[in-house]
Amino acid sequence: MKRISVIILCLMSWAARAGEPVILTITGNIEKDGHHYEQVEYTLSQLQALPQKEMLILHPWSRQFHTYKGPDLSVLLQTLFAGERIKTIYLQALNGFSVAANWQELSPYHPILAWSEDEKVMSRRGKGPLWLMLPYDTLPEVQQAEFLHYMTWQLNHITVRTEPQ
């Protein structure tokens, strides 16, 4: 975990110099490398530098299977909130959509922050920059309306509410 944090901090510095835009902001009681932060920001390069996961999915917004790629949200949040129990995450999108999710119900499905669809970076017009993706077609319980709401596209902000463990 420390190695990932060091990589992230290095990439944050590099991205700031390169002028790459921030595509995701995470806010909450963040504890990283012994320091407290109210929020952290990620560029596409920073998210791509994290361990990646792929999902081949058929979902209600398409008539064919697509491959989505992105970091596992569970792993990312664990690095930022290691000493806390995550209760709720609030997902906010560029288009004004927002939804609250009980993290204990959502996390077992290991959602990814998909930045790529079929090996192409998703544009804002194509539901990007990020789309919270769940294994929709493989697990019947994820096909409930509640879970469909969590599959937020144009995702750009996550607020995390925690409590001590």
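To be clear, the structure that these remarks concern was listed above.
All values reported here derive from a predicted model rather than from experimental measurement.

Q: Quick rundown of the environment of T162? Include the residues and the values.
A: Tracing the backbone shows T162 in strand β11 (residues 155-164). According to the relative accessible area criterion, T162 is partly exposed, its value standing at 22%. Separated by 81 residues in sequence, T162 and F81 place their C-alpha atoms 8.1 Å apart. T162 has contacts with N29, F81, E84, R85, I86 and K87, leaving out every residue within four places of it along the chain. At 3.2 Å, the side chain of T162 forms a polar contact with the side chain of E84.

Q: Can you break down the side chain of T27 residue by residue, with the values?
A: Residue placement: T27 occurs in strand β1 (residues 22-32). Given the relative accessible area of 14%, T27 is considered buried. Contacts of T27, omitting those with residues within four sequence positions, involve E38, Q39, F81, H157, I158, T159 and V160.

Q: Before we move on, could you go through the nonpolar core and cite the residues and values that matter?
A: Judged by nonpolar contacts, the single largest core of 41 residues is most densely connected at I26, L77, I89, L113, M133 and I158. Leave out the neighbours within four places in its chain, and I158 touches L24, T25, I26, T27, L73, I89, Y90, L91 and L113.

Q: Give me the lowdown on the pattern of salt bridges, citing residues and values where you can.
A: Following the criterion strictly, the structure yields three salt bridges and no others. Here K53 makes a salt bridge to D72, at a shortest N to O gap of 3.6 Å. Residue K53 is located in strand β3 (residues 52-57), and its partner D72 is located in the loop between β4 (66-71) and α3 (73-80); the two are separated by 19 residues in the primary sequence.

Q: Got a sec to walk through the sheet that holds strand β9 (residues 120-121)? Specific residues and values, please.
A: The strand order across the open sheet formed by four strands is β3-β4-β8-β9, and the pairing between neighbours is antiparallel. A single partner strand is all that each edge strand has here, and the edge strands are β3 and β9. Relative to β9, strand β8 (residues 116-117) runs antiparallel, the two being bridged by two bridges. The residue bridging E117 from the neighbouring strand is K120, located in β9.

Q: Break down the sheet that holds strand β2 (residues 35-43) for me, with residues and values.
A: Pairing between the strands of a sheet comes from backbone hydrogen bonds, and it takes one of two forms, parallel or antiparallel. Strand order across the open sheet formed by five strands is β2-β1-β11-β5-β6, with mixed pairing between neighbours. This sheet does not close on itself; its edge strands, each paired only once, are β2 and β6 (98-102). Strand after strand, the sheet turns through a mean of 15° between neighbouring axes, direction not considered. Summarising the sheet, strand β5 (residues 84-93) and β11 pair through nine bridges and their orientation is antiparallel. Bridge assignment links A93 to a residue of β11, and that residue is L155. Across the sheet, α3 touches β1, β2, β5 and β11, and the angle it forms with β1 is around 45°.

Thresholds, definitions, all that
- Residues numbered from 1 in each chain as written.
- Predicted model: local features only at pLDDT ≥ 70, side-chain atom pairs only at ≥ 80, totals over all residues.
- Heavy atoms only, no water.
- Helix = DSSP H or I, 4+ residues; strand = E, 2+ residues; numbered from the N terminus.
- Buried < 20%, exposed > 50% of the residue type's maximum accessible area, 1.4 Å probe, protein only.
- Contact = heavy atoms within 4.5 Å.
- Polar contact = N/O pair within 3.5 Å; in protein donor to acceptor, adjacent residues only side chain to side chain.
- Core = buried A, V, L, I, M, F, W, Y, C linked by side-chain atoms within 4.5 Å.
- Salt bridge = Lys/Arg side-chain N within 4 Å of Asp/Glu carboxyl O.
- Pairing = 2+ DSSP bridges.
- Axes fitted to C-alpha atoms, helices over the stretch in contact; angles between N-to-C directions.

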